[in-house]
Amino acid sequence: MSALLILGGTAEARELAGALHDRGVPVVSSLAGRVAAPRLPPGEVRIGGFGGAEGLERWLVEHDVFAVIDATHPFAARMSASAFEACARAGVPLLRLERPGWRERPGDRWHWVDDVEAAARAVEGLGRRALLALGRQEVAAFAGIESTWFLIRSVGPPDPPLPPRHELLLDRGPFTVSGELGVLEEHRIDVVVTRDSGGDQTAAKLDAARERGLPVVVVRRPSSPEADAVTTVAEAAAWASARADRAAAAEESSPDRSCNLDRAGG
Ligand code: NAP
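This one's a predicted model, so the numbers in the text were calculated from it and none came from an experiment.

Among the nonpolar cores identified, the biggest contains 22 residues, and Leu4, Ile6, Leu16, Leu20, Ile69 and Leu97 are the most heavily contacted of them. Broken down by secondary-structure element, the contributors of at least two residues to this core are β1 (3-7), α1 (11-22), β4 (65-70), β5 (94-97) and α7 (233-253). Per-element accounting of this core gives the leading share, 7 residues, to α7. For Leu97, the residues in contact, after removing those within four places along its chain, are Glu12, Leu16, Ile69, Asp70, Ala71, Thr72, Val230, Thr231, Thr232, Val233 and Ala236. In this structure, Ala119, Leu132, Val191 and Val217 belong to the second largest nonpolar core, which totals 19 residues.

See below:
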């Protein structure tokens, strides 16, 4: 039986897997395997990299995948590029599910930068005590900064090297505005550094920074491949259901299947 592959690691991917599981669409969710105790989606799950675009292409063919939904995090650029290439080569339809980016509101003091290196350059001029809310692999860009103290918050321990003056806070969303105000106050934070991850789960720090009048350095999203894209789980689920119906109809009418039915019918 063929299946749909969800490239996951996000809340939306889990929600989508649940919705499709409930509808009876055969789904395999894929996780990178970076987090020690990941929140698992309903249904079948595989864990670990595929070995680049070629490895993924092989996997799609071997597992008879009828469609792929790339629901990875907006900053998981390598996986998205790999999915785009592998699906094109294997002739498998691909949809990108990507939550919209955050929008500035009145009272915000945001400083947009293109990457974490630019964020590191910007932060020194903006504050002495920074909340770093970035991916584990991105903290090293701040390692050379001595004049700023960092509260490094991430899901798992960040990859070294780390800035000389810091404290680690291992935590993952969803976060609340009151919780974030508490963090800003307790650590006397005067600048926040984040990526434009979008979504509700980690947006509270932006509300808290606005309330306190603090500057926020926001890293722009990397460019993504030109795949067809939607922004909501409902749209992705509708697309997946239609693809599943088509795959089932094709399986019904395939020569192998009619041959089996002939045989079964004597
Ligand atoms: P990345 O830099 O784009 O991917 C690096 C490599 O990890 C990929 O080339 C792939 O290895 C493997 N990989 C990534 N996502 C995978 C998946 N869903 N299933 C199987 N293999 C995967 O990705 P990343 O930024 O390290 O993110 C890794 C995972 O964490 C993703 O699933 C993402 O949705 C989730 N996540 C990331 C962030 C973030 O800040 N980047 C935040 C929240 C959640 P191969 O080349 O060997 O296939």
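The discussion continues.
For the rest of this paragraph, the subject is the site of the ligand. Among the 22 residues in the neighbourhood of the ligand, the closest are listed as Gly8, Ser30, Arg34, Phe50 and Arg195. Residue Gly52 places a main-chain N or O atom 3.1 Å away from an oxygen atom belonging to the ligand. Separating an oxygen atom of the ligand from a backbone N or O atom of Ala77 is a distance of 3.4 Å. The fraction of the free accessible surface of the ligand (790 Å²) that becomes covered by protein chains is 81%.

Another point: the pairing of strand β11 (residues 215-219). Along β11, 5 of the 5 residues are buried, which leaves the element largely enclosed by surrounding structure. Neither face of β11 is open: one carries Pro215, Val217 and Val219, the other Val216 and Val218, and all of them are buried. Both strand β10 (residues 191-195) and β11 contribute to a ladder of 4 bridges, which runs parallel. The residue bridging Val192 from the neighbouring strand is Val216, located in β11. Running through helix α6 (residues 204-212), the crossover from β10 to the neighbouring parallel element β11 is right-handed.

Criteria and cut-off values
- Residues numbered from 1 in each chain as written.
- Predicted model: local features only at pLDDT ≥ 70, side-chain atom pairs only at ≥ 80, totals over all residues.
- Heavy atoms only, no water.
- Core = buried A, V, L, I, M, F, W, Y, C linked by side-chain atoms within 4.5 Å.
- Buried < 20%, exposed > 50% of the residue type's maximum accessible area, 1.4 Å probe, protein only.
- Helix = DSSP H or I, 4+ residues; strand = E, 2+ residues; numbered from the N terminus.
- Contact = heavy atoms within 4.5 Å.
- Near = heavy atom within 4 Å.
- Polar contact = N/O pair within 3.5 Å; in protein donor to acceptor, adjacent residues only side chain to side chain.
- Areas by Shrake-Rupley, 256 points an atom, 1.4 Å probe, with all protein chains shown as cover.
- Pairing = 2+ DSSP bridges.
- Right-handed = clockwise from strand over helix to strand, strands pointing away.

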